[in-house]
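Chain and residue survey
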Amino acid sequence: MRAQPQGEQTFIMMLPSFLKMTYGRDGGAVFLTARAGRTTLNGLRCLDDRGVIGVIDYPRLAISSSFRASVVVICDVERMTPDYEARVIAIVRQWRSLPQAPVILNAPPKPLRRYELLKKLYKLGMNQKDIHRLDDPYTIEAVRFPCFIRDEAGHHLNPETPRLLHSRDDLTAEITRLAEAGVPLFGKIAVEFEDTRDDTGMYRKLAYYKAGGMLSPAHSFWNPEWFVKYPKPGLVAERPDLVEREREFVMSSPHEAEIARIFDIAGIDYGRIDYGVRQDGGLHVFEINTNPNSAVPQNVAPERQPYINPVQQRIVDALADLADANPCTRLAWPRDELLYRLRRQL
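We now turn to the structure provided with this report. Once a new chain begins, its residue numbering starts again from 1 and follows that chain's sequence as written. In keeping with the predicted nature of the model, local features appear solely for residues at pLDDT of at least 70, side-chain atom pairs appear and are counted solely at 80 or more, and the whole-chain, interface and lining totals rest on all residues. Neither water nor hydrogens contribute to the side-chain values; these are computed over all heavy atoms in the structure.

Numbered from the N terminus, helices here are DSSP runs of H or I no shorter than four residues, and strands are runs of E no shorter than two. Looking only at helices and strands, the chain has 12 helices and 13 strands in total. Burial classification: accessible surface area is computed with a 1.4 Å probe over protein chains only, and a residue below 20% of its type maximum counts as buried, one above 50% as exposed, and the rest as partly exposed. Across the 346 residues in the chain, those meeting the buried criterion constitute 50%. Surface accessibility follows the Shrake-Rupley procedure with a 1.4 Å probe radius. Residue values consider only the protein chains on display as shielding. Summed over all atoms, the accessible surface of the chain reaches about 16800 Å², with 53% contributed by carbon and sulfur.

Throughout this description, the term salt bridge denotes a Lys or Arg side-chain nitrogen within 4 Å of a carboxyl oxygen of Asp or Glu. Tallied over the full model, the rule gives 23 salt bridges. Among the salt bridges present, the one from Asp 195 reaches Arg 197, with a minimum N-O distance of 2.6 Å. Of the residues examined, Asp 195 reaches a relative accessible area of 18% and is grouped as buried. Judged by its relative accessible area of 37%, Arg 197 falls in the partly exposed class. In the salt-bridge network here, residues are joined through shared partners; they are Glu 116, Arg 133 and Glu 152.

What follows concerns the sheet that holds strand β11 (residues 270-277). One bridge is not enough; two strands pair if DSSP finds at least two bridges between them. With antiparallel pairing, 4 strands are arranged side by side in an open sheet as β10-β9-β11-β12. Of all strands in the sheet, those with a lone pairing partner are β10 (214-223) and β12 (283-289), marking the two edges. Adjacent strand axes in the sheet meet at a mean angle of 25°, parallel and antiparallel pairs treated alike. Where strand β9 (residues 203-211) lies against β11, 6 bridges are found, and the strand directions are antiparallel. Counted as the bridge partner of Lys 210 is Gly 271 from β11. Axis definition: a line fit to C-alpha positions, over the contact stretch in the case of helices; interaxial angles, taken between N-to-C directions, run 0 to 180 degrees.

Once that is clear, we can look at the packing of helix α5 (residues 114-123) against helix α10 (residues 256-266). At a minimum axis separation of 10 Å, α5 and α10 run at an interaxial angle of 125°. By the angle between their axes, α5 is oblique relative to α10. Pair α5 / α10 crosses with right-handed handedness. Contacts from Leu 117, Lys 120 and Leu 121 in α5 reach Ile 262, Ile 265 and Ala 266 in α10. Side-chain classes follow a simple rule in which Ala, Val, Leu, Ile, Met, Phe, Trp, Tyr, Cys and Pro form the nonpolar group, Asp, Glu, Lys and Arg form the charged group, and the remainder, Gly included, forms the polar group. Split by residue class, the contact of α5 with α10 holds 5 nonpolar, no polar and 1 charged. Note on angle classes: values under 35 degrees are labelled roughly parallel, values over 145 roughly antiparallel, values of 65 to 115 roughly perpendicular, and the remainder oblique. The handedness criterion is simple: a crossing whose near helix is rotated anticlockwise from the far helix by less than a right angle is left-handed, and one whose near helix is rotated clockwise is right-handed. Only heavy atoms matter for contacts: two residues are in contact if any of them lie within 4.5 Å across the pair.

Before going further, it helps to examine the pairing of β10. Of all 10 residues that make up β10, 9 are buried, and the element is covered over most of its length. Examined bridge by bridge, β9 and β10 share 9 bridges and lie antiparallel to one another. Of the residues in β10, the one forming a bridge with Ala 207 is His 219. Two successive antiparallel strands, β9 and β10, enclose a turn made up of 2 residues, where Gly 212 displays a positive phi of approximately 65°.

Turning our eyes to something else, we now look at the environment of Val 250. With respect to the helices and strands, Val 250 occurs in helix α9 (residues 240-252). When the C-alpha positions of Val 250 and Ser 220 are compared, they lie 8.1 Å apart, and in sequence the two are 30 residues distant. With sequence-adjacent residues up to four places away left out, Val 250 is seen in contact with Pro 217, Ala 218, Tyr 307, Ile 308, Val 311 and Arg 314.

Moving on to the nonpolar core. Buried residues of nine kinds, namely Ala, Val, Leu, Ile, Met, Phe, Trp, Tyr and Cys, make up a nonpolar core once their side-chain atoms join them within 4.5 Å. Judged by nonpolar contacts, the single largest core of 59 residues is most densely connected at Tyr 270 and Ile 273. The dominant element in this core, judged by the number of residues it contributes, is helix α11 (residues 305-325), at 9 residues. Setting aside chain neighbours within four positions, we find Tyr 270 in contact with Phe 31, Leu 41, Leu 44, Val 73, Leu 105, Asn 106, Lys 210, Ala 211, Asn 289, Thr 290, Pro 292 and Ile 315. Counting residues in hydrophobic clusters, the runner-up holds 20 residues, among them Leu 32, Leu 61, Ile 74 and Val 92.

A few words now on the environment of Lys 232. Turning to its location among the elements, Lys 232 is positioned in the loop between β10 and α8 (235-238). Apart from residues no more than four positions distant in its own chain, Lys 232 is found in contact with Trp 222, Asn 223, Pro 224 and Glu 238.

All right, on to the environment of Ile 131 then. Take Ile 131: it is sitting in strand β6 (residues 131-133). For the pair Ile 131 and Glu 116, spaced 15 residues apart in sequence, the C-alpha separation works out to 9.3 Å. Contacts of Ile 131, omitting those with residues within four sequence positions, involve Tyr 115, Leu 118, Lys 119, Ile 189, Ala 190 and Val 191.

As a further point, take α9. Given a helix with a known number of residues, its expected span is that number minus one, times 1.5 Å. The end-to-end C-alpha distance of α9, which contains 13 residues, comes to 18 Å, matching closely the 18 Å that a straight helix rising 1.5 Å per residue would cover. When α9 is considered as a whole, its buried residues turn out to be Leu 242, Val 243, Glu 246, Phe 249 and Val 250. Relative to the axis of α9, the buried residues are bounded by an arc of 120° and lie together on one face. Of the residues in α9, the exposed ones pointing more than 90 degrees away from the buried face are Pro 240 and Met 251. Packing partners of the buried residues in α9 comprise β9, β10, α8, β11 and α11. This arc corresponds to the set of directions leading from the helix axis out to the C-beta atoms.

Quick look at unusual backbone geometry now. As a rule of thumb, non-glycine residues mostly have phi less than zero, and peptide bonds are mostly trans rather than cis. Omega for the bond connecting Pro 108 with Pro 109 falls within 30 degrees of zero, at 5°, which places this linkage in the cis form. With respect to the helices, strands and loops of the structure, Pro 109 is situated in the loop between β5 (103-105) and α5. Geometrically, the link from Phe 145 to Pro 146 is a cis peptide bond, its omega value of 0° lying close to zero. Phi at Asn 106 takes a positive value of approximately 65°, unusual for a residue other than glycine. By secondary structure assignment, the location of Asn 106 is in the loop between β5 and α5. You can call Asn 106 buried: its relative accessible area is 0%. For Ser 253, which is not glycine, the phi dihedral falls at a positive 50°. A residue is classified by how much of its surface remains accessible, and Ser 253, at 13% relative accessible area, is buried.

This is the structure in structure tokens:
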């Protein structure tokens, strides 16, 4: 083992205590997140009366000597570089070799990222629209239209809705525009568009949460715009019939068996699947997010709170049950991780 230089020891000892803290109950369910994704669990933590949920982002983890957990949830898998994922795989392997190992959800390399998952679902005939990497020279010839371009890691190229491209000329022009703006093609994907409008004439996005063995409908959003990230503002107040339809979806869980199979195919233990229903009645998967945003209970529209807030509570309860059923273990993060991250930033 490499001896730690005196300078590194002094630096770590001088770190303020708040940077070493693990929030949540000692030995509870600790979420490891990207720095940009550390606030997504705020909604769940509002319902966490027992203080089971802890959150440590990867930068803070890099300067912590260890933490205690009964459950570790590895989030933001899609944001990891291959190099960083390899390091996490090695660390998880050490944790699992401990005499009393905690349960680890979303342990790499098991979870499929967006491209691999959607490509596999297309090959299996579950999704009927394909996905292509933009740095593949054959993409322009292979893609079917309409399509749109997005970031493979799940982040949009800009705050605006992606452009729906209707022809090869449109795609070529968009690729040229990105290149002129200095945006690399690596990590960008062309996604063939699937029409998910229902009898309302609006596009509909449905979702399920998974937390260990717990599977629950999350929500049903409608929007006249094709890129449904949120419901149209004011729609809940305008259309009480849609509130009732969402409540029925959450209470009846109509797609549970199919969604459970897709999570199994994806190798994902914790996350939220976003999908739509095709015109032929089949399901079309948009993505599975391994660090989904959880709604703060009081921010949910009053009409939706009676059925949405219990969904969030089920996630918290499932994590608490996992924590109670598994040993609490002190888990070390490699001391060289800080220097690794500093070198990468430099």
